[in-house]
Amino acid sequence: MASLKELASREDLLSGGHRACAGCAMTSIVRQVLLVAGKNVVVSCATGCLEVTTTIFPYTAWRVPFIHSAFENSAATISGVETAYRSLRKQGKIKEDTKFIGFGGDGGTYDIGLQSLSGAMERGHKMLYICYDNEAYMNTGNQRSSATPFAADTTTCPVGCVGKGKPQFQKDLAAIITAHNIPYVAQACGSFWKDLTAKVEKALSANGPSFINVLSPCVLGWKYPTDETIEIGKLAVDTCFWPLYEVVEGNYRLTYVPSQKKPLGEWTKRQGRFRHLHEPGGEGLLEKAQREVDRKWEHLLAISEKPAKPGKQPKEASQ
Ligand SMILES: Cc1ncc(C[n+]2csc(CCOP(=O)(O)OP(=O)(O)O)c2C)c(N)n1
C-alpha cells in the first residue's frame, strides 16, 4: 500500500479552483481516489454536486478523461466504456492498462442509479464504483434520499409540528451490493485516508467489479462549521454509525474498531440537522437511533473478522 509520502508526491488529478463548498469532503475523497488510481483512468460521474462543481462549462477540474452521465446511469456508462476498451485491447488497438471508475452521489446510487449499478455489478465488468454518500440530494437543496439517516432534518422531511425529520432508517447499500457476489465491497470515510486509499488500491486490483461507499460529510446539509469536516467524519466512525469494513469474496472484515465506542449523540449534537434530538422532547428519537446503530454494530461484530488492535487501522494501511 502506498505511504503518505508516496501519495503526496504524486500528481493531483483534481485541480483546485472548482466550485465545491468550503469544507466539502467530496473533493478530498476524489483526490485521494485519483492519487491511488493514477492518470490511466476513465471516470464517469452522475449528475450531482461532484459533476456540477467540477465541470462548469467551459472549465473542468479533472485531469483525467471524464464523462458526465445522467443521474441514473453512471455505472452503465462506465461499464460500456470498459467493454469498448476490452474489445479494442483484444483487437490490439490499445496496449496500456486502463482503470474505470464510476462516481455517484447517494441519490444517484442508492435511489435513481441503483438498477444500472446492479446491472453493471452483475455483468462482472472490471470497474470500481464509488458512492460519495452525503446522505441527501444536496446539489438540489437537501432533499431526503434513502441514505438519509433516521430523524435527520431535510427540506422534504422537515422538523416541525407535523414531522420530526426522516421517519425511516437508511438503506444498507453495502449489503445490497454484497449480495451481488462481487470480489470487493467496502465502506470507508474520507477522514481515514489510510483506510480509504488502501481500499481503493484493493478495489482497483480486484478481478471484477468493486464497490466502495464513502461517507462524505456536507457542511450545508448537515449544518456544521466548515473546519469540522474531518472530525465529523471521524465521529461517525467512532460512534459506529458508519463502520469501516470490507467484504472480500463475501467475507466481512472490520478494518477499524474504535478503542472506545462513543455514544451516537456525540456525532449528532455537532450537526444542525439533528438539533431537535438534543432539545427537550428529542430524547426518544436519539434513543431509537442509538438502538439501531447498536443493533447493526453488534451484527457486524458477529459476522466479521476484526483487526488485531482496537483503535488501529489495518496493518497494510498504516505503513
Ligand atoms: C432523473 C432525474 N431526476 C432528478 C434530477 C434533478 N437532480 C439533479 S442532481 C439531483 C440531486 C443529486 O443528489 P445526489 O445523487 O445525492 O448527489 P449530490 O447532489 O448530493 O452530490 C437531482 C434531484 C435529474 N437530473 N434527473
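Predicted model, so just to flag it, every value in this text is computed and none were measured.

Student: So what's going on with the sheet that holds strand β3 (residues 99-105)? Residues and values would help.
Tutor: With mixed pairing, the eight strands of this open sheet are ordered in space as β2-β1-β3-β4-β6-β5-β7-β8. A strand with exactly one partner marks an edge of an open sheet, and here the two such strands are β2 (66-68) and β8 (251-254). Going across the sheet, the axis of each strand differs from the next one's by a mean of 15 degrees, ignoring polarity. Note that strand β1 (residues 41-45) and β2 share three bridges and pair parallel. Its bridge partner lying in β2, Ser44 is registered against Ile67. Together, β1, β3, β4 (128-133) and β6 (210-215) form the strand contacts of helix α2 (residues 25-37), whose direction differs from that of β3 by roughly 170 degrees.

Student: How would you explain the environment of Trp62 if you had to name every residue and give the values?
Tutor: By the element assignment, Trp62 lies in the loop between α3 (49-54) and β2. On the accessibility criterion, Trp62 (6% relative accessible area) is buried. It is 42 Å that separates the C-alpha atoms of Trp62 and Leu285, two residues lying 223 residues apart in sequence. Apart from residues lying up to four places away in sequence, Trp62 is in contact with Leu13, Leu14, Val30, Leu34, Val43, Leu50, Thr54, Thr55 and Phe103. Within the structure, Trp62 has its side chain in polar contact with the side chain of Thr54 (distance 2.8 Å).

Student: Give a detailed account of helix α12 (residues 283-303), specifying residues and quantitative values.
Tutor: Here α12 is 21 residues long and its end C-alpha atoms lie 31 Å apart, about the 30 Å a rise of 1.5 Å per residue gives. Those residues of α12 not exposed but buried are Leu285, Leu286, Ala289, Gln290, Glu292, Val293, Trp297 and Leu300. Buried positions in α12, seen along its axis, are confined to an arc of 160 degrees and lie on one side of it. Turned more than 90 degrees away from the buried face of α12 sit Arg291, Arg295 and Ala302, all of them exposed. Where α12 is buried, its residues contact β7 (245-248), β8 and α11 (265-268).

Student: Could you give an account of the site of the ligand, with specific residues and numbers?
Tutor: Among the 16 residues in the neighbourhood of the ligand, the closest are listed as Cys49, Gly107, Gly108, Tyr132 and Asn139. One of the backbone N or O atoms of Cys49 is found 2.9 Å from an oxygen atom in the ligand. Coverage of the ligand by the protein chains reaches 75% of its 590 Å² of free accessible surface. Counting residues per element, the shell around the ligand draws most heavily on helix α5 (residues 106-111), which supplies three residues. In terms of residue class, the shell around the ligand is built from six nonpolar, eight polar and two charged.

Student: Outline the packing of α2 against helix α8 (residues 193-205), listing residues and values.
Tutor: At a minimum axis distance of 9 Å, the contact between α2 and α8 shows a crossing angle of 45 degrees. As judged from the angle between their axes, α2 and α8 are oblique. By crossing handedness, the relation of α2 to α8 is classed as right-handed. Across from Ile29, Gln32, Val33, Val36 and Ala37 in α2, the residues of α8 making contact are Trp193, Leu196, Thr197, Val200, Glu201 and Leu204. In the contact of α2 with α8, the residues fall into eight nonpolar, two polar and one charged.

Student: Describe the packing of helix α4 (residues 74-90) against helix α6 (residues 114-123), and please don't skip the residues or the numbers.
Tutor: Where α4 meets α6, the closest approach of the two axes is 7 Å, and the angle between their N-to-C directions is 35 degrees. Facing α4, whose interface residues are Ser74, Ala75, Ala76 and Ser79, α6 presents Ser116, Leu117, Ala120 and Arg123. In terms of residue class, the contact of α4 with α6 is made up of four nonpolar, three polar and one charged.

Conventions used here
Residues numbered from 1 in each chain as written. Predicted model: local features only at pLDDT ≥ 70, side-chain atom pairs only at ≥ 80, totals over all residues. Heavy atoms only, no water. Pairing = 2+ DSSP bridges. Helix = DSSP H or I, 4+ residues; strand = E, 2+ residues; numbered from the N terminus. Axes fitted to C-alpha atoms, helices over the stretch in contact; angles between N-to-C directions. Contact = heavy atoms within 4.5 Å. Buried < 20%, exposed > 50% of the residue type's maximum accessible area, 1.4 Å probe, protein only. Polar contact = N/O pair within 3.5 Å; in protein donor to acceptor, adjacent residues only side chain to side chain. Expected span 1.5 Å × (residues − 1). Arc of directions from axis to C-beta. Near = heavy atom within 4 Å. Areas by Shrake-Rupley, 256 points an atom, 1.4 Å probe, with all protein chains shown as cover. Nonpolar A, V, L, I, M, F, W, Y, C, P; charged D, E, K, R; others polar. Parallel < 35°, antiparallel > 145°, perpendicular 65-115°, else oblique. Left-handed = near helix turned anticlockwise from the far one by under 90°.

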